[in-house]
Amino acid sequence: AGCERREEAGGGRSGKAPREQEKTVPSALPTPHSCVWSVQEENAGAFSLQVKELFSSLGVDCNILELDQVDEGASVQEVLSEMTNQRTVPSIFVNRVHVGGCDHTFQAHQSGLLQQLLQQDLAYDYDLIVIGGGSGGLSCAQEAAVLGRKVMVLDFVVPSPRGTAWGLGGTCVNVGCIPKKLMHQAALLGQALTDSRKFGWEYSQQVRHSWATMTEAIQSHVGSLSWGRRLALRENAVTYVNSYGEFVEHHKVKATNEKGQEALYTAAKFVIATGQRPRYLGIPGDREYCITSDDLFSLPYCPGTTLVVGASYVALECAGFLAGLGLEVTVMVRSVLLRGFDQEMAEKVGASMQQLGVRFLRKFVPVEVQQLEKGLPGRLKVVAKSTDGTETMEGVYNTVLLAIGRDSCTKKLGLEKIGVNISEKTGKIPVNVNGEEQTSVPYVYAVGDVLEGKPQLTPVAVRAGKLLARRLFGGRSEKVYHTLFWPLEWTVACRDNNTCYAKIICNKLDNDRVIGFHVLGPNAGEITQGFAAAMKCGLTKQLLDATIGIHPTCGEVFTTLEITKASGLDITQKGC
């Protein structure tokens, strides 16, 4: 049944059904601003009657479709299940927004949201506003724009306590995967120098590492990636505003820039993609004197003797490449290494790092950080206590790097003003039972690390953002074949960015089965061996698209191919 006011409040910018690209929508399916239910079971009929009475009391017309009374009822039910991820009835739509079932409809009525949906003027500024310019948010924004929607991205990086900020692209590009792997590469090159003597390389000059040269080169590459993302938004006609987004009422956000200037924008739908930031200890001196991964990759001076607090993969990765660069590194561990990972493997990782010179302090936590001497890096005293007794200890370091976890950026978005639920324990956004990314408010969605119970991985966020846009705005059938790519290890050295090439050949008559696989680039044999096994098992383009890439690697390019050779579109890469 379609629920709308008599004055056709269900109009708007688009007339497309939420997911007409995936299935041929049966003719019996009502228009997108309708509410649909089935009375195939007695209980469903009772619930449907309650909803109908509610809308009748509000003076709202309901266009009813009884699925068991139409020939295409089963097909309609199938499409609705895909559109909403709700398999129960009734299923209520108001002005193109899926509210949910009977209980959700009454909850929306009690909170005032239902009235807002019924009375709203649908002449919004945008079809979609994405809050957060990381991997997931940008993926969703660009896909929605490609599908013809008017889209805005609001992104603002609140500086760290040490004053570090960065550009568009989120954690992965600016302070995560990319700079981390490049610093790891720098450490590997140092190890290769040592190994090279055994392969006949002779050199007498003392080899030293320049932290400043490394960080300058890495930040130059990171900056080019951030600029590339801004350019991609512009090319797709996505409006980018470098401002902090905060909800002030339903369908309306306030955007505040670094100068404190404010602007208001409205949208039919919103996506929260604000990610997470490093956690602090909450002890004296931590915010004043310690750094996190937010600061490390652009640190303008060599950190010197470093204490890494934490035993997560971020902590161990950073400790590993710092030690590989020749620094004295200590890791302070509260309990076990890599909690949640296979502990046999975790301990082997720890043992390997010890062989490389990393020192571990087990079962200790800091209780205070004091500054002994100013400077770049200066000297700090760390007081720590045992987690397994009353013992205390002190140590002096040049730098203290905290890597004890991350907190979701949800507290200052005004979500409570519009009724979006947030987990009190984690600060993350739990998803509505009716949709994988839909929040407790029907027109607000979330992707990436901010979501409860989702893998905190860049390729997951990228894929989720793209699929969400397709579900919301209708997608397209793609046949994808080739691209040039630029290995991360080649970027800082400025090797040719359009040498490496990836191509697959699909049989359209056999479910897009991959019958040809080509790669030109580093480790091509290793990459091909893995995909060869997949091809023997019947690999298809759809399976490749559904595969989450291992990031950042050369092989992941095959999970993100988007340009067909027949299209003639440009596949060259930009950079150095």
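What counts and how
- Residues numbered from 1 in each chain as written.
- Predicted model: local features only at pLDDT ≥ 70, side-chain atom pairs only at ≥ 80, totals over all residues.
- Heavy atoms only, no water.
- UniProt positions renumbered as here; feature names shortened; annotations may be inferred.
- Buried < 20%, exposed > 50% of the residue type's maximum accessible area, 1.4 Å probe, protein only.
- Helix = DSSP H or I, 4+ residues; strand = E, 2+ residues; numbered from the N terminus.
- Pairing = 2+ DSSP bridges.
- Right-handed = clockwise from strand over helix to strand, strands pointing away.
- Axes fitted to C-alpha atoms, helices over the stretch in contact; angles between N-to-C directions.
- Contact = heavy atoms within 4.5 Å.
- Core = buried A, V, L, I, M, F, W, Y, C linked by side-chain atoms within 4.5 Å.
- Expected span 1.5 Å × (residues − 1).
- Arc of directions from axis to C-beta.
- Polar contact = N/O pair within 3.5 Å; in protein donor to acceptor, adjacent residues only side chain to side chain.

Looking at an unreviewed UniProt entry, one finds the protein chain named thioredoxin-disulfide reductase (NADPH), with Capra hircus as its source organism. Note on the protein chain: under the UniProt heading Cofactor (unreviewed entry), the record states "FAD". Entered under Sequence similarities (unreviewed entry) in the UniProt record, the comment concerning the protein chain runs "Belongs to the class-I pyridine nucleotide-disulfide oxidoreductase family."

Chemist: Any chance you could explain the pairing of strand β13 (residues 329-333) here in plain terms?
Modeler: Residues in a regular strand point their side chains to alternate faces of the sheet. Within β13, five of the five residues are buried, leaving the element largely enclosed by the surrounding structure. Along β13, one buried face is formed by V329, V331 and V333 and the opposite face, lined by T330 and M332, is buried too. In this sheet, β13 lies alongside strand β12 (residues 306-309) in parallel orientation, the contact comprising four bridges. When the bridges of β13 are listed, V308 appears paired with V331. Handedness of the crossover is the feature at issue here: the chain leaves β12, passes through helix α11 (residues 313-324), returns alongside β13, and the resulting connection is right-handed. Here β13 runs beside strand β14 (residues 359-362); their pairing, made up of four bridges, is parallel. Within β14, the position partnered with T330 by the bridge is R359. The β-α-β motif built from β13, the intervening helix α12 (residues 343-355) and the parallel element β14 has right-handed crossover chirality.

Chemist: Whenever I open this one, the sheet that holds β14 confuses me. Can you help?
Modeler: Strand pairs in the sheet, formed through backbone hydrogen bonds, run parallel or antiparallel to each other. If you walk across this open sheet you meet the four strands as β14-β13-β12-β18, and the pairing is parallel. Because the sheet does not close on itself, it has two edges, and the strands there are β14 and β18 (399-402). On average, each strand axis in the sheet is tilted by 20° relative to the strand beside it, whichever way the strands run. On top of the sheet, α11 reaches β12, β13, β14 and β18; it is set at about 165° to β13, its chief contact.

Chemist: What's the story with the nonpolar core in this structure? I'm lost.
Modeler: Proteins that are soluble and globular tend to have nonpolar side chains buried together. Judged by nonpolar contacts, the single largest core of 43 residues is most densely connected at W211, L296, F321, V329, V331 and F360. Going through the elements one at a time, α6 (170-175), α7 (177-196), α8 (211-235), α11, β13 and α12 are the ones with two or more residues in this core. Among the elements that make up this core, the one with the highest residue count is α11 (seven residues). If near-sequence neighbours (up to four positions away) are discounted, W211 is found in contact with M183, L296, L299, Y301, C302, P303, L322 and L325. Residues L113, L117, V241 and I418 belong to the second largest nonpolar core, which totals 39 residues.

Chemist: Any chance you could explain α12 here in plain terms?
Modeler: Each turn of an α-helix holds 3.6 residues, which means side chains three or four residues apart point in the same direction. The end-to-end C-alpha separation of α12 is 18 Å, in line with the 18 Å expected for 13 residues at 1.5 Å each. Three or more residues of α12 are buried, namely A346, G350 and M353. Down the axis of α12, the smallest arc covering the buried residues is 65°, so these residues share one side. α12 presents E344, K348 and Q355 as exposed residues on the side facing more than 90 degrees away from its buried surface. The secondary structure elements touched by the buried residues of α12 are α11 and β14. Regarding α12, its N-cap is D342, as a side-chain oxygen of that residue lies 3.0 Å from the backbone nitrogen of E344 further along. One or two positions beyond α12, positive phi appears at G357, with a value near 105°.

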